[in-house]
Each structure stands twice: as C-alpha cells, then as structure tokens.
Amino acid sequence: MSEQDQATWAMQALAALKTTDNRVIIDSIIKVIDDQQAEIESLRGSMEGQLWSPTSWHQDQQAQHAGLDETTSSSK
C-alpha cells in the first residue's frame, strides 16, 4: 500500500467514525493528513527536480572540472 493509499484509507476510516460530537476533531485530523500529503508531494517533486535537473547536473560537472583544474595546476 502506497503512502497515498494509506492516507486515503486513514481519511476514509476517520470519516466513518465521525459523529456530531467529534465532527470538528475528525475534520481537523483529516485536514492535517491531507495537508501533509500535499506537502510530501511538493517536497518529492522539488527533490526530484533538484536531483535530475539537467541544469544543476551541468553546473555540478563544471564545478567538479573547475576543482580538478585548480588541483592539477597548483600541483605543477
């Protein structure tokens, strides 16, 4: 079961437990779970963008080559 499936299951189970007495609490918990899922997805997308971005990869490669060039020229 994926994280999204677990969150969906938890929200459905909580909704089934909702009564007039605990409605506010259950709704608040469901909102927190939903907000956390949105944040997780946002962070996952951001991390994947950083890890696999061609621009950042190219910049890392340039920085590594610049570091190697400095090391090579300073040792001569």
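Everything numeric in this text was worked out from a predicted model, so none of it was measured.

Trainee: Sorry if this is basic, but what is going on with the overall build of the chain here?
Mentor: Across its full length, the chain holds three helices and zero strands. When the helices and strands of the chain are listed from N to C terminus, the series reads α-α-α. For the chain, with 76 residues in total, the buried portion stands at 12%. Accessible surface computed for the chain: about 6,400 Å², of which carbon and sulfur atoms make up 58%.

Trainee: Would you explain the pattern of salt bridges in this entry?
Mentor: Any two side chains of opposite charge can pair, given that their charged atoms come close. All told, the structure shown has four salt bridges when counted by the stated rule. Ionic pairing is found between Arg44 and Glu3, a salt bridge with its closest N-O pair at 3.2 Å. Separated by 41 residues along the polypeptide, Arg44 in helix α2 (residues 23-52) and Glu3 in helix α1 (residues 3-17) bring together distant segments of the chain. Given a relative accessible area of 42%, Glu3 falls into the partly exposed group. A salt bridge links Lys18 to Asp27; its shortest N-O distance comes to 2.7 Å. With relative accessibility at 36%, the residue Lys18 sits in the partly exposed group. On the basis of relative accessible area, Asp27 is assigned to the partly exposed category, the value being 31%. Several salt bridges share partner residues, and in doing so they unite Glu3, Glu41 and Arg44 into one network.

Trainee: Honestly, the side chain of Gln37 in this entry has me stumped. Any pointers?
Mentor: You can see Gln37 is positioned in helix α2. Apart from residues lying up to four places away in sequence, Gln37 is in contact with Glu3, Gln4 and Ala7.

Trainee: Where do I start with the nonpolar core in this structure?
Mentor: For soluble globular proteins, nonpolar side chains are generally found buried alongside one another. Grouped together as the largest cluster of nonpolar side chains are seven residues: Ala7, Ala10, Met11, Leu14, Ile26, Ile30 and Ile33. Listing elements by their share of this core, those giving two or more residues are α1 and α2. A per-element tally of this core places α1 first, with four residues. If we ignore the near neighbours within four places in the chain, the residues touching Ala7 are Ile33 and Gln37.

Trainee: Whenever I open this one, the confidence of the model for the chain confuses me. Can you help?
Mentor: The predicted structure's coordinates, where accompanied by low pLDDT, should not be read in detail. Counting all residues, the mean pLDDT for the chain is 82, and 78% of those residues have values of 70 or more. The spread of mean pLDDT over the elements of the chain runs between helix α3 (residues 54-74), the lowest at 71, and α1, the highest at 92.

Basis of the calculations
- Residues numbered from 1 in each chain as written.
- Predicted model: local features only at pLDDT ≥ 70, side-chain atom pairs only at ≥ 80, totals over all residues.
- Heavy atoms only, no water.
- Helix = DSSP H or I, 4+ residues; strand = E, 2+ residues; numbered from the N terminus.
- Buried < 20%, exposed > 50% of the residue type's maximum accessible area, 1.4 Å probe, protein only.
- Areas by Shrake-Rupley, 256 points an atom, 1.4 Å probe, with all protein chains shown as cover.
- Salt bridge = Lys/Arg side-chain N within 4 Å of Asp/Glu carboxyl O.
- Contact = heavy atoms within 4.5 Å.
- Core = buried A, V, L, I, M, F, W, Y, C linked by side-chain atoms within 4.5 Å.
- pLDDT = per-residue confidence, 0-100.

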